[in-house]
Amino acid sequence: MARHSAPRFSLLKQFLFAIVAIFSISSVALLIKRAPSTPCGHYSDAGVKRFEPSPSPLAFMKSKRVLLVSHDLSLSGGPLLLMELAFLLRSVGAEVCWITNQKPSETNEVIYSLENRMLQRGVQVLSAKGQEAISRALKADLLVLNTVMAGEWLDDVLKENVPHVLPKVLWWIHEMQGHYFQLEYVKHLPLVAAAMTDSHATAEYWKAGTRDYLRIKMPDTYVVHLGNSKDLMEIAEDNVAKRVLHEHVRESLGIRDEDLLFAMINGVSHGKGQDLFLQSFYESLQLIVQKKLRVPSMHAVIVGSDMTAQPKFESQLRDFVRLNKIQDRVHFVNKTLTVAPYLAAIDVLVQNSQAQGECFGRITIEAMAFQLPVLGTAAGGTTEIVANGLTGLLHPTGKEGVTPLAKNMVTLATNVHRRLTLGKRGYGKVKEMFLERHMAHRIAKVFKEVLQKAKSHPKL
């Protein structure tokens, strides 16, 4: 579920502590924890009627036994979304166990950090193989398979116990690439209780693909649009925190406050379209010179760099920047969990995913929470988030989208009012549809359906 969850913001709070040393004690207090909301903070709230928060829509999961199976554990969207679900379930008293099916022989720093985070929140981390994993699966009230490739775990570990588990399996699918249409991954898909996707585009893609290529039928499939965490919204709505982050990031990149900053915040890969983004950015600079437009100095930042993951593609990106002599305008930032500082620092988010587009694109709603306009491809889940002309501007995928994206960049560079209006409308849409409580309500409905099916199944 690019990229965005609770682990990000524990790190972010440490980040805030580190960079606010130059501020007064009172400013730090405002950043880390708001005082009770009373005029000037001077009055007692004694005698004021307190309103209890409404119960979580997932409260019925209290004491339920839930097993979460992830294909891997990394900084990518799928595992982080599943972790966020684990924490939501723990917050209502569910018993949650986590299994990572594919782990390297030596635990790396990322896995160590994420597993520790789960353990601190009361999530039990189990080995993917062995009798305990089988026992937990058989005893679980609900089993969530996360991503298509997590299906391999069923046969690899459960073996003859697979039929006993399938009626209580919810398969959460985040992928929209054709190479996942392989029976070795999804042969059990028709027999699980239900499937869940992040967008209608993903659901339709899988219904058509399983029918046309695999000749199997999808189970009941539910669409659950994601929501922003409370932690992210707290930062997005805190002007003091945003200002500190804004200034710190821009200073670290060598970008002035008055400069205009376009950003892509995704892991670097062909599918995310950073190469086409840079082509569009370069073309936008040329358009500005040709038309003699007066705009702020424009910069582009790519957050998600990892030379070990995509060395050839990343080298091509950097070569393009060097050959076109725009090194002073293009910046690369390593892949990170802490995206909020960059959202606070930029002016426009570009979501340039190619082919089928994003399954959903969590970074899109995170950017909208920061009142940023979004320039996105007219494909996949992005079209279910961004209202073209109202909260952002859409462009085609592929090379056909390079010039339209460049023109959209120029449009926002030359029209401050429109840029701000798109951002404010996007924020309004987040408040209306894409908060954590909205996502919790949507997931709760799916869980109730799956639990009811499991309960009514004769073998369980």
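These numbers were taken from a predicted model, which means no experiment stands behind them.

Undergrad: Can you break down empty space enclosed by the protein residue by residue, with the values?
TA: Empty space left among the atoms is revealed by rolling a probe the size of a water molecule over them. One number sums up the size of the second largest cavity: a volume of about 30 Å³. Around the second largest cavity sit Leu276, Ser280, Asn352, Gln354, His395, Pro396, Thr397, Gly398, Gly401 and Val402, which together line it. Partitioning the lining of the second largest cavity into residue classes produces three nonpolar, seven polar and no charged.

Undergrad: Could you give me a rundown of the packing of helix H3 (residues 77–91) against helix H18 (residues 436–456), with the residues and numbers involved?
TA: Put simply, H3 and H18 touch, their axes get as near as 12 Å, and they point 80° apart. As summarised for this structure, H3 and H18 are arranged roughly perpendicular, according to the angle between their axes. Touching Glu84, Leu85, Leu88 and Leu89 of H3 are Glu436, Met439, Ile443 and Phe447, all from H18. The residue makeup of the contact of H3 with H18, split by class, is six nonpolar, no polar and two charged.

Undergrad: Break down the packing of aromatic side chains for me, citing the residues and quoting the values.
TA: For the structure on display, the rule yields six aromatic pairs. Taking the centre distance of 4.6 Å and the plane angle of 65° together, the rings of Phe181 and Trp206 count as edge-to-face. Remark: Trp206 occurs in helix H9 (residues 200–214) and Phe181 occurs in the loop between strand S5 (169–173) and helix H8 (183–186); sequence separation between them is 25 residues. Three or more aromatic residues joined by ring pairs form one cluster here, namely Phe181, Tyr205, Trp206 and Tyr213. Here Arg121 stacks its cationic end above the ring of Phe87, 4.3 Å away from the centre of that ring.

Undergrad: Lay out the sheet that holds strand S7 (residues 221–223) in plain terms, naming residues and giving numbers.
TA: As summarised here, the arrangement of the seven strands in space is S3-S2-S1-S4-S5-S6-S7, forming an open sheet in which the pairing is parallel. Bordering the open sheet on either side are strand S3 (124–126) and S7, each of which pairs with just one other strand. The average undirected angle you get between the axes of adjacent strands in this sheet is 25°. Direction of pairing for strand S1 (residues 65–70) relative to strand S2 (residues 95–100): parallel, over a ladder of six bridges. Bridged to Arg65 within S2 is Glu95. Of the strands in this sheet, S5, strand S6 (194–197) and S7 touch H9, which is tilted by about 160° from S7.

Undergrad: Before we move on, could you go through the pairing of strand S4 (residues 142–146) and cite the residues and values that matter?
TA: Counting buried residues along S4, five of its five residues qualify, which places the element largely inside the surrounding structure. Residues Leu142, Val144 and Asn146 line one face of S4 and the alternating positions Leu143 and Leu145 line the opposite face, and both faces are buried. Bridging between S1 and S4 involves five bridges; their strand directions are parallel. Within S4, the position partnered with Leu68 by the bridge is Val144. In this sheet, S5 lies alongside S4 in parallel orientation, the contact comprising four bridges. Bridging across to S5, Asn146 finds its partner in Trp172.

Undergrad: Which residues make up the packing of helix H17 (residues 416–433) against H18, and what are the values?
TA: The interhelical angle for the contact between H17 and H18, taken along N-to-C directions, is 40°, at an axis separation of 6 Å. Here H17 is positioned oblique relative to H18, judged by the angle of their axes. Along the contact surface, H17 presents Val430, Lys431, Glu432 and Met433, while H18 presents Arg437, His438 and Arg442. Within the contact of H17 with H18, the residues separate by chemical class into two nonpolar, one polar and four charged.

Quick notes on the rules
- Residues numbered from 1 in each chain as written.
- Predicted model: local features only at pLDDT ≥ 70, side-chain atom pairs only at ≥ 80, totals over all residues.
- Heavy atoms only, no water.
- 1 Å grid on protein atoms, 1.4 Å probe; cavity = no way out; pocket = protein on both sides within 12 Å on 5 of 7 lines; lining within 4 Å.
- Points joined across faces, edges and corners; volume = space filled by probe spheres on them.
- Nonpolar A, V, L, I, M, F, W, Y, C, P; charged D, E, K, R; others polar.
- Axes fitted to C-alpha atoms, helices over the stretch in contact; angles between N-to-C directions.
- Helix = DSSP H or I, 4+ residues; strand = E, 2+ residues; numbered from the N terminus.
- Parallel < 35°, antiparallel > 145°, perpendicular 65-115°, else oblique.
- Contact = heavy atoms within 4.5 Å.
- Phe/Tyr/Trp six-rings, centres within 6.5 Å; stacked < 30°, edge-to-face > 60°.
- Lys NZ or Arg CZ within 6 Å of the ring centre and 35° of its normal.
- Pairing = 2+ DSSP bridges.
- Buried < 20%, exposed > 50% of the residue type's maximum accessible area, 1.4 Å probe, protein only.

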